[in-house]
Structure formats: C-alpha cells, structure tokens
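The residues making up each chain are set out below.
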Amino acid sequence: MQGNASTATTQPMIPLPHRILKVRRETGDVFSIETQPEGDESDFHFVPGQFNMVYVFGVGEVPLSISGDPARTHTLTHTIRSVGWVTQALKKMKKGDRIGVRGPFGTPWPFQEAAGNDVVIVAGGVGLAPLRPVIYKLLAEREQYGNISILYGARNPDDLLYGKELEKWRGRFDLHVDATVDSAKRGWMGNVGVVTQLIPKAISDPDNTLAMICGPEIMMRFTVNELQKQGIENSNIYLTMERNMKCAIGFCGHCQFGPEFICKDGPVFSYERVRNIFGKREI
Amino acid sequence: MKSLQPILEEHPFFKELEPKYFELLVGCASNVRFEAGEILFHEGDQADRFFLVRQGKVALEMAPPNKEPMIIDTVEEGLVFGWSWMVPPYQWHFDAHALTLVRAIAIDGKCLRKKCEEDHELGYELFKRFFSVVTERLQHTRVQLLDVYGAQV
Amino acid sequence: MASSPRIGAKYTLDREALQNLIVELTDSGYQVMGPTMRDGAIIYDAVRSIADLPEGWTDDQEGGTYRLEKRLDNALFGYNVGPHSWKKFLFPPRQKLWTAKRSDQGFEIHPEEEEPLRYAFLGVRSCELHAIAIQDKVFMEDAYVDPVYKARRENLLIVAVNCGQAANTCFCVSMNTGPEAKAGFDLALTEVIDNDRHYFVAEAGSERGTGLLEKLSFESADSQEEAAANAAVNRAAEQMGRTLNTQGIRALLQDNPDHPRWDDVAKRCLSCANCTMACPTCFCSTVEDVTDLSGDHAERWRSWDSCFNLDFTYMGGGHTRHSFKSRYRQWMTHKLSTWHDQFDTSGCVGCGRCITWCPEGIDITEEAAAIRKTPKSQEKKK
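The structure presented is a predicted model; accordingly, all values stated were derived computationally and were not measured.

## Some remarks on the overall build of chain B
So, point 1. The number of helices and strands found in chain B is 4 helices and 8 strands.
So, point 2. Each helix (α) and strand (β) of chain B, taken in turn from the N terminus, gives the series α-α-β-β-β-β-β-β-β-β-α-α.
So, point 3. Radius of gyration (C-alpha) of chain B: 16 Å, near the 15 Å computed for a compact globule of 153 residues.
So, point 4. The dimensions of chain B, computed from C-alpha atoms along their principal axes, are 55 × 30 × 30 Å.
So, point 5. The buried share among the 153 residues of chain B stands at 43%.

Laid out in structure tokens, this is it:
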C-alpha cells in the first residue's frame, strides 16, 4: 500500500480534512473537485488506480477514484458523476468548503509490466477519470513505453470528458487518440459507433501490448473480447472494478467479488485473475 | 487508366476470394469521390451499389420522427457499407454523407445481383462476407441500444 | 494441593472452584461473560456467579427449531451453542466510529475513544474458539487493523468448555474445529458428572491460565478423571448431528455458480439474514451517517450488515445481487469456499447456528451435499 500509509493504517476509519480549491463542471452531470489536505501533511501522494473515500459533513461517504495528476501532490482531484445523495451534495460545494478524505486505497495500474511495451487505454464514459492519472504518468515518462493509444467511448459528444485535454493529446505525435460516441447530431465530425471498433487500428504488436480498461462492466466485457480477438493475452489485459463499498479496508465485506475484495485486492485486476467470475451475473 | 483489380484484391473484404471472381467484380466497380458534406444517398433512394471506403469518413444518419437527424454510425477507410442492394425492395434505409473527402470503390449491385443469380457459388461467397458485416453492425447497434454509459451501472 | 500448575497438564476443580474463578476474574477487573438464560434461549451475557449459569438445562435443536428442556442432572454447561455468539462483544453489533461537529472551518471529526474493555469469556466452545481465530484474521491480521476489535481481543481472557454432547445441528468434527478445545484458550474445562460427583477437568493453555489455576483450589487429575473427561468429549464427537464433506469444496463451489441447486434453495430462502447474524464468523458491516435536527452534529455508526440484504450491493442505480439465489450463493460460497482464498481458512466452524436459526430450516450441509452430488463436470457428461 502506498500513499499516505501512516494515517491510513493507524486510523483508517477517520476522514482527514481537505479544503476545496475548485469545483469544475465537466459535462452535464459530471464535475471535478480539486482539494488540498489541511492537516500537518499538505501533500497527497497516490498511485494511479487508487481511490479515496470522500465524506460530506452530515451527508455521508462515497468511494471515488482519483482523476488528477499523481505528480501534482499539492492537489487531489476527483471526477464525479452526481447520482446519489453524497455526490449531489458534493456538486453543490464551493471553493473553501471542507470535505473529509480517507485514503488512498487499492492497487495501482501495472506500470512496471507496461514498461517497454505498447499501451492501449480503453475508457468508457466516466471511466476515463480513473485512467487520466495513468495518461499523465505515461506521458511524464514517455520514453519508457512503446506506442500509446487512448481509445474512448461515450454516450454522445457532450458527454466526452476532458475535451480540451483530449484535443491536446490528439495533437501529440507520440500518442494515438481516438474517440467514438453512441450517437451524435449532425455537425459531429468524429466517430459514431462502439469503442471496440477503435481497437483493431490501435494494435500493431499484440504480443507486446498491455491494455488498461475502465468503464461499465458490460463495455469492459466487449472490450476484453475484442482485445483477445486482436491477439492480446489475458495476462496483459487489466481492468478496474467497482462495487458497493463502506470501509475500503477489507472489513465491511460489501465489495466482495468472488474471492476478491475490490478495495484491497483491486480495484485494478489483471483479466487473467478475474476471468472466471468476470461477466458472471450477480457475482 | 489503372485497373481497379489490385485495389479490390488488397481490400480485407475480399480476402481469400477466388481470383477468378476479381475480373468480374472489376467489371461492376468504379472509382468514386465525394467532397466533405456531399450526400452519397438518401433514405428511400434506389440502393443499387455498395462502397469500399479507401479514404475518409462517411456518416450514416437516420432522422427520428419530428427530430433532427442523428448520426448512428460512421464508416472509415478499410470498411464496407451498404447491403440494401441485396434485399428487395433495394432501397437505402438511412442517409449517408461524407464527413471528409471520401474516396471509395462503388460496386454496382444490379450488375452483381445478376452475376450472383448466374453463379450461386459467387453469391454464397458474397453473402457470407456481407453476413459477417451485417452481424457485426447488428451487434454494435445492440450495444449502442444498451446505453451502457447511462446512469445505470 | 498439587505443585504449581503447568500448561497442558490436567487438573480437577469442583463447583466451588468454578464459583471462585468467576469471582477471581471479576475482582481482577474482567467483565465476565457467559451463558445465561433469557427469553427461552441460552445467550451470552454478564455472569456474576454460577447461579447465573443455565444449570440443569439443555437445548433441543433442529433445522428451524430451538427449544430448552430440563436435564435430568444439574450440569452447568449441558447444552450447545445458542443464537448468540461471542462476536457481539469483540465486534459490536452497533458501534460509534466518530462524531463530527460543525465549526468555523466547516467541521471537525472526533474519533470515538473507548477505554479498552476487559472481557473474560466463560464457556467458549471449541467451534467458537475457531470462530474467534477466524475473525482475528479479518480484523487484525491483514493490511489494516480494527482498533476496537484489537484492543478488546488483546485484553480478552478465555475460559473454554469442552462439549460433552452435540446438538442435531452440530458438525464441528467435519470442520475439524471440535469438539475438544485444542488451542486459543487460557483455561479449558470439561464438565464431568459421575454419579454424585460433579467436577471439572481443567487444562491451562497460557500463563494467564496457570496463574488463574494457582489462585483456585485444584488437584492434579488422576487417570480416571482424565478418562471421564475424554469420554465426555468422545460422546459429543459421536453425537454430531450433521456432517459436511469438505474435500475439494473450495473448487466445487467456485466451479458451480450456475448449479440448479441455487435456484432450488432460492425458493426456500427468505433472505432474512438470520444465518449471518447468528454466524460467529460473518463479519460484514455497514455504516450509517446520522445528524441531529440542528444539523450541527453528525455521527458515524458501524453496524452488522448481511449479504442477504438487497442494499448490500447497491451502486449507482442498481443492485449487483438482486436475486435471492445470488445472495444465498454468495453467502455459502464465501463461507465454505472463497474464505479460503481470502483468509486461508474455511469461514465455517460447524456450529450449526445457521441451520437452527433459519426459519425455513435451510441446512448448509445439505445444500453443499446437493451440489456435490451433481457437480458441473458430471452434468456435462449426461
């Protein structure tokens, strides 16, 4: 376990105060919150893939993946879709407000395994959020990797996250960026279709390609199928899982996924590890 | 003018097709070019050909009743679209317009239909290939229908 | 009086010594918890003297049935496990984790501090010792440590009691967890009623145990007394009402998520969560954030939860396990199979509580046997 290990392991159930620096609307119901730790430790360290439990006073706590740059340790960014009480309360918060944060928890994306190989990132919907720290890190150490592709699927052009950054990344010569949407109005010049259609073009050397996937489970299932079709080994496919979570430290039992606890064995898993249960209904 | 045969032979859609058929296909094929924004065909038009896209991007559009048209699929280089020429009443089910400059090979469906009737082996080969395109398109449509990125996880 | 007591050696104590043991523990600052009778059941509660113990009572258990009955003798521990387990003391059913107050800065969080409780458990059965060891793995031996559990556990003193009889719902022999207490206790007692003589054969399992014996009047057990104690435990082993074949069960259940038996049990299961509340190893919990009417005070409470509750898997507009089938499957597969992956042990100790306290009498041993009878591999051959 990396990051703020000392506080996380000694008082893992106590949220630490964070001050909100910025609340930014991303798309219709998705927004990002930047915060800064207030305690003695003013930096927040994490590894891409990890998540936090975020508390709103008097409302409750939810697990949120971290979506900011791991190198910028003075701010912590979460990108959130407002769907429940806590996320709706978060959406209403303003600069200067305080929230509580427990974490970081969970396993990182496989950077060591990716080094020296091509990397294909496949994101669906808000699934791009937990993968954005990966992109920052890959770009910061660009020379360590082969070809890097970012494939992104969303519902419609308005729901594409991080539009400006996507454009910036698209402009780089050392990055292949491709996005698609389920449907679009006239005027959209990009792709319409499913994200799996973008995969064949992004893979040139399947034996030396590592894939990282995040999105709704059903989208990840189709993506795994397509990656397999393109010749990528199960052990080179990684994905991140989501389940109800109350404690994030292996006590509450809610996030069990077969033999795995998403909170401490995951959320990032190799497909090889979970393939017997992945996609099984109601596991 | 350069023969279209090498282009057809290289296209993934015709992979492993018996060489004898290419001459026949070339006879039905023509080079086409559409400027960005140009309409390839409208819904309800006579569907008398299909396209192998060589360059650019084509948008397939449908108009929901009383709503502005929606792009439901895009087709890029290397792909094939259009199978309405195979099924009566041979009419297009959607609009297609070029999003960028599009270069494609258009293959005359009327001509090919006749040849398929004469040579069922060719017909079977083509139907197999189109069937896999249709299946894939149907599968994608189903996934889009699921609205996987909606609020439901 | 024998020489200083040693760990592992057998001694005898009479009823009076047992009474003195309770007093000694209480005087040493322990809250002594043991079996008492309430509402027609034997439950674990504060015990001040042997008069609080269910003397002369026994229980009759079957799937969905529990009844107390008078014994023909005055045994103090002549029954098996009831609806409660010791987990309620170490892992409280409801526990305040912290309090938050509104402040100029927004809010301040104050962790709930507790003076570590000093419990002495009297009458812990072998299956229950194993259950405690299993929860130790969950709450103390992984990446994170539960501070409340750890504090209570470290202070805990355990007086085990070997079973002299088994219930119809018992299957500790199958689970290799009893009936004889072999480790994890400070003191272990075997109750012997031999004609007119009523005594306990005692064995210390720790220095604390020998220290306790030292303060009581004890004798070295002679071979006849030892034999009488062994006979009592052997009798319990022979009386096991149930068996569960654990051979390869980890793979068996994980390989059979689509077995038709899950549909069958789903028709009987009420998803009432009784089995998980009664189970001495089930550890799932939820948290509840509460505020007062002013909105200036908030508290977080942790309470027992169950994988049988629909909301257990609620997430962004849907439930992962919405069918009863999936919930029973999760519970039993976890208990007997994936627990091995997670904690290197079975999650079942064979205490039979889930069978007795299931309103439908669903029997985990029967369900496991049914799946074993026609596993997937055999179905395919058909």
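## Notes on the side chain of C:Thr177
So, point 1. Its location among the elements puts C:Thr177 in the loop between helix H5 (172-175) and strand S10 (187-194).
So, point 2. Setting aside its immediate chain neighbours within four residues, C:Thr177 contacts C:Ser126, C:Cys127, C:His130, C:Cys172 and C:Val349.

## Notes on the side chain of A:Ser82
So, point 1. Inspection of the secondary structure puts A:Ser82 in the loop between strand S5 (76-81) and helix H2 (85-91).
So, point 2. If we ignore the near neighbours within four places in the chain, the residues touching A:Ser82 are A:Asp29, A:Phe31, A:Thr87, A:Gln88 and A:Lys91.

## A closer look at the packing of helix H2 (residues 20-28) of chain B against helix H3 (residues 109-118) of chain B
Residues and elements named next belong to chain B.
So, point 1. Across the interface, H2 lies against H3 with an axial gap of 8 Å and an inter-helix angle of 150°. Considering the relative orientation of H2 and H3, their crossing is right-handed. Contact residues: H2 offers Leu-24, Leu-25 and Cys-28, while H3 offers Cys-111, Leu-112 and Lys-115.
So, point 2. Taken together, the residues that form the contact of H2 with H3 break down as 5 nonpolar, no polar and 1 charged.

## Re the interface of chain A and chain C
So, point 1. At the junction of the two partners, chain A supplies 43 residues and chain C supplies 54 residues.
So, point 2. Together, the buried faces of chain A and chain C total about 3,800 Å²; carbon and sulfur atoms form 58% of this surface.
So, point 3. Considering only the side of chain A, the residues that lose the most area to chain C are A:Phe57, A:Phe251 and A:Glu282, jointly responsible for 23% of the buried surface there.
So, point 4. Taken together, the connections running from chain A to chain C amount to 4 salt bridges.

## Thoughts on the domain arrangement of chain C
Residues and elements named next belong to chain C.
So, point 1. Per the domain assignment, the segments making up chain C are domain 1 (10-239) and domain 2 (249-381).
So, point 2. Spacing between the C-alpha centres of domain 1 and domain 2 amounts to 26 Å.
So, point 3. Between domain 1 and domain 2, the contact holds 42 residues from the first and 43 residues from the second.
So, point 4. Summed over both sides, the interface of domain 1 with domain 2 buries roughly 3,600 Å², with 61% coming from carbon and sulfur.
So, point 5. Of the charged contacts, one joins Arg-353 and Glu-128 as a salt bridge, the two residues approaching to 2.4 Å between their closest N and O atoms.
So, point 6. The interface formed by domain 1 and domain 2 includes 29 residue pairs in polar contact (both at pLDDT 80 or more).
So, point 7. Here the side of domain 1 that touches domain 2 is built from residues that sort into 19 nonpolar, 13 polar and 10 charged.

## Here's the deal with the pattern of salt bridges
Pairing is possible between side chains that carry opposite charge, provided their charged atoms lie close to one another.
So, point 1. For the coordinates displayed, the defined rule picks out 55 salt bridges over all chains.
So, point 2. Note that C:Glu108 is salt-bridged to A:Arg98, the shortest N-O span being 3.2 Å. A residue pair is termed interchain when its members come from two chains, as with C:Glu108 in strand S7 (residues 106-111) and A:Arg98 in strand S6 (residues 98-105).
So, point 3. When its relative accessible area of 30% is taken as the criterion, C:Glu108 is described as partly exposed.
So, point 4. Look at A:Arg98 and you get buried, because its relative accessible area is 8%.
So, point 5. C:Glu55 is the partner of C:Arg15 in a salt bridge, and the nearest nitrogen-oxygen pair spans 3.0 Å. With a gap of 40 residues between them, C:Arg15 in helix H1 (residues 15-27) and C:Glu55 in the loop between strand S3 (41-46) and strand S4 (57-62) connect regions that are remote in the sequence.
So, point 6. C:Arg15 gets classed as partly exposed once you look at its relative accessible area, which sits at 22%.
So, point 7. A residue is classified by how much of its surface remains accessible, and C:Glu55, at 30% relative accessible area, is partly exposed.
So, point 8. The network of salt bridges with shared partners includes C:Arg261, C:Asp264, C:Arg268, C:Glu366 and C:Glu367.

## As for unusual backbone geometry
So, point 1. The linkage connecting A:Gly103 with the following residue, A:Pro104, adopts the cis geometry, with an omega of 5°.
So, point 2. Relative to the assigned elements, A:Pro104 resides in strand S6.
So, point 3. Each neighbour pair has its own omega, and for B:Pro88 with B:Pro89 the value is 10°, a cis peptide bond.
So, point 4. Within the element layout of this structure, B:Pro89 appears in the loop between strand S6 (80-81) and strand S7 (95-98).
So, point 5. In this structure, C:Asp39 is a non-glycine residue whose phi angle is positive, near 50°.
So, point 6. A relative accessible area of 76% means that C:Asp39 is categorised as exposed.
So, point 7. In this structure, C:Asn176 is a non-glycine residue whose phi angle is positive, near 60°.
So, point 8. Secondary-structure assignment places C:Asn176 in the loop between H5 and S10.
So, point 9. For C:Asn176, a relative accessible area of 67% gives the class exposed.

## Observations regarding the state of the cysteines
Residue and element names in this part refer to chain C.
So, point 1. On inspection of all chains with the given rule, the structure shows 1 disulfide over all chains.
So, point 2. The structure places no disulfide on Cys-170, whose sulfur is separated from the nearest cysteine sulfur, that of Cys-172, by 6.1 Å.
So, point 3. In this structure Cys-170 comes out as buried when scored by relative accessible area, which is 8%.
So, point 4. Between Cys-279, a cysteine without a disulfide, and Cys-282, which holds the nearest cysteine sulfur, the sulfur-to-sulfur distance is 3.9 Å.
So, point 5. The class for Cys-279 is buried, based on a relative accessible area of 7%.

Thresholds applied
- Residues numbered from 1 in each chain as written.
- Chains lettered and ligands numbered in written order.
- Predicted model: local features only at pLDDT ≥ 70, side-chain atom pairs only at ≥ 80, totals over all residues.
- Heavy atoms only, no water.
- Helix = DSSP H or I, 4+ residues; strand = E, 2+ residues; numbered from the N terminus.
- Rg over C-alpha atoms; globule rule 2.2 N^0.38 Å.
- Buried < 20%, exposed > 50% of the residue type's maximum accessible area, 1.4 Å probe, protein only.
- Contact = heavy atoms within 4.5 Å.
- Axes fitted to C-alpha atoms, helices over the stretch in contact; angles between N-to-C directions.
- Left-handed = near helix turned anticlockwise from the far one by under 90°.
- Nonpolar A, V, L, I, M, F, W, Y, C, P; charged D, E, K, R; others polar.
- Buried area = accessible area lost by both parts, 1.4 Å probe.
- Salt bridge = Lys/Arg side-chain N within 4 Å of Asp/Glu carboxyl O.
- Domains from an automatic or database assignment.
- Polar contact = N/O pair within 3.5 Å; in protein donor to acceptor, adjacent residues only side chain to side chain.
- Disulfide = S-S within 2.5 Å.

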